[in-house]
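Tertiary structure, described
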Amino acid sequence: MEDYQVSQRRACELLEVPRSSVRYASQRDDSVLREKLMGLARERPRFGYRRLHVLLQREGHSINHKRVWRVYKAAGLSVKRTRRKKLVRSLRPALLLHAANQEWAIDFVSDVLHAGRSFRVLSVVDSFTRECLALEVDTSLGSQRVTRVLDRIIQQRGLPLAVRSDNGSELTSRHFLAWSIERKVDLIHIQPGKPVQNAHVESFNGRLRDECLNVSWFWNLFDARRKIEWWRKDYNGQRPHSSLGYRTPDEFARQVAPSPSASLGSAQPDSRQGQALWAATPALTQVRLRAQTVHQKGEAALHCGSEFS
């Protein structure tokens, strides 16, 4: 009618629409329901229309939920949902390990003291020898504390080629990323919700909880540190490990440690170990090249940032 300047009768005939439908004007009044909904929404601003509909029914109002939704939406009472940002990480194929310090796995475990105060335990495990390198106990373990523990282990054992972990805030912070670039350590973050990709430390945490945390009573933080450290030494030196041919991690580490005169090509795989932990030398070279690439990218980013500043 507006575009072609035709009458209502002519427009309804062309569109095959009854004129009664065009001229119909609703006689219903939703002002009372609108005021009631706005009052409930002010009291409970995070309630959606379904919960508000239940509250109206409790007050004795017999109203269809579709009518409540129509008035609720027209009044602009819809609750805004903040979608959670999901971290997307690509799956990196796991390399077959054949020497110590090729990959360390780290994770956290929590428990409570006698007084009810919670504490956390940082677990650091060598993925090849299955040695527990550290069990740091404290009420709070930030990224700086994690790097201090790793630096302490590095002074004793040397630098690892890679560190495998989940996507916790302590392990994805700028301080931790800068530490890995400075030390030229490759960081392997597993995909969110896939703890099986860090299976070595997850299995170790299960043994830690089953054999130490669940059977011990910790009076205070010092008592927890003493008992957990004693269990760590017993795990490395006395507890037989099934995947290591029922040898202790210390025994296995001594047996697979290369002698100073032996070359890398003369090393032979251990047939008693329950997994295929040996690989060719190019696997180690690939890990080193990846760590160097991460270091070069980090230096380039820092250089560009200093130029812009």
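Quick caveat: nothing in here was measured; it's all calculated off a predicted structure. In this numbering scheme, every chain counts its residues from 1 along its sequence in written order. Residues qualify for local features only when their pLDDT is at least 70, as the model is predicted, and side-chain atom pairs are given and counted only at 80 or more; totals for whole chains, interfaces and linings, by contrast, use all residues. Only heavy atoms go into the side-chain values, all of them from the structure, while hydrogens and water stay out.

A word on a nonpolar patch on the surface
Stated formally: What goes into a patch is any residue over 30% in relative accessible area without a salt bridge, connected to like charges within 9 Å or, for nonpolar side chains (Val, Leu, Ile, Met, Phe, Trp, Tyr), within 5 Å. For every accessible area listed, the method is Shrake-Rupley and the probe measures 1.4 Å; residues are considered covered only by the protein chains on display. Salt bridge, as used here: a side-chain nitrogen of Lys or Arg that lies within 4 Å of a carboxyl oxygen of Asp or Glu. Here a strand is any run of E in DSSP of at least two residues, a helix any run of H or I of at least four, and the numbering for each starts at the N terminus. The rule is simple: take the accessible area with a 1.4 Å probe, protein chains only, and divide by the maximum for that residue type; under 20% is buried, over 50% is exposed, in between is partly exposed.
On the surface, a cluster of nonpolar side chains totalling about 370 Å² of accessible area is made up of Leu14, Leu15, Val17 and Val22. One can find valine 22 in helix H2 (residues 19-23). On the accessibility criterion, valine 22 (43% relative accessible area) is partly exposed.

Points about the pairing of strand S1 (residues 103-112)
Put simply, the rule is: Two strands pair under a simple rule: DSSP has to find at least two bridges between them.
Burial of S1 is extensive: eight of the 10 residues sit out of reach of the surface. Where S1 lies against strand S4 (residues 162-165), three bridges are found, and the strand directions are parallel. Along S4, the bridge assignment pairs alanine 105 with arginine 164. One ladder, built from nine bridges, connects S1 with strand S2 (residues 118-126); its direction is antiparallel. Along S2, the bridge assignment pairs tryptophan 104 with aspartate 126.

What to know about the packing of helix H4 (residues 49-58) against helix H5 (residues 65-74)
In plain terms, the rule: Every axis corresponds to a line fitted to the C-alpha atoms, with the helix fit spanning only the stretch in contact, and the corresponding angles, defined between N-to-C directions, vary from 0 to 180 degrees. An angle counts as roughly parallel when it lies under 35 degrees, as roughly antiparallel when it exceeds 145, as roughly perpendicular when it falls between 65 and 115, and as oblique in every other case. A clockwise turn of the near helix away from the far one marks a right-handed crossing, whereas an anticlockwise turn of less than a right angle marks a left-handed crossing. Note on contacts: a residue pair qualifies if any of its non-hydrogen atoms lie within 4.5 Å across the two residues. Residues are grouped as follows: nonpolar covers Ala, Val, Leu, Ile, Met, Phe, Trp, Tyr, Cys and Pro; charged covers Asp, Glu, Lys and Arg; every other residue, Gly included, is treated as polar.
Following both chains from N to C, one finds H4 and H5 inclined at 120 degrees, their axes separated by 10 Å at the closest point. By the angle between their axes, H4 is oblique relative to H5. As H4 runs across H5, the sense of the crossing is right-handed. Facing H4, whose interface residues are Tyr49, Leu52, His53 and Leu56, H5 presents His65, Val68, Trp69 and Tyr72. Considered class by class, the residues forming the contact of H4 with H5 number six nonpolar, two polar and no charged.

Remarks on helix H9 (residues 221-237)
Each α-helix turn comprises 3.6 residues. Residues three or four places apart therefore point the same way. The cut-off we apply is this: How far a helix is expected to stretch is found by multiplying one less than its residue total by 1.5 Å. Pairs of N or O atoms are called polar contacts if they sit within 3.5 Å, as long as, within protein, a hydrogen donor faces a hydrogen acceptor (for residues adjacent in sequence, only side-chain-to-side-chain pairs).
Helix length check: H9, at 17 residues, gives a terminal C-alpha distance of 24 Å against a target of 24 Å (1.5 Å per residue), a fit within 8%. Along H9, the residues that are buried comprise Leu221, Asp223, Ala224, Ile228, Trp231, Arg232, Tyr235 and Asn236. In this fold, the buried residues of H9 make contact with S2, strand S3 (132-138), helix H8 (199-213) and helix H10 (249-256). Its side-chain oxygen 3.2 Å from the backbone nitrogen of phenylalanine 222, asparagine 220 forms the N-cap of H9.

Brief notes about the sheet that holds S2
The strand order across the open sheet built from five strands is S3-S2-S1-S4-S5, with neighbouring strands paired in mixed fashion. With partners counted over all chains shown, the strands left at the sheet margins are S3 and strand S5 (186-189), one partner each. Direction aside, neighbouring strands of the sheet carry axes that sit 20 degrees apart on average. H8 rests against S1, S2 and S3 of the sheet, and its axis sits at about 35 degrees to S1. The strands touched by H9 within the sheet are S2 and S3, with S3 carrying the most contacts at an inclination of about 170 degrees.

All we've got here are geometric facts, nothing functional implied.
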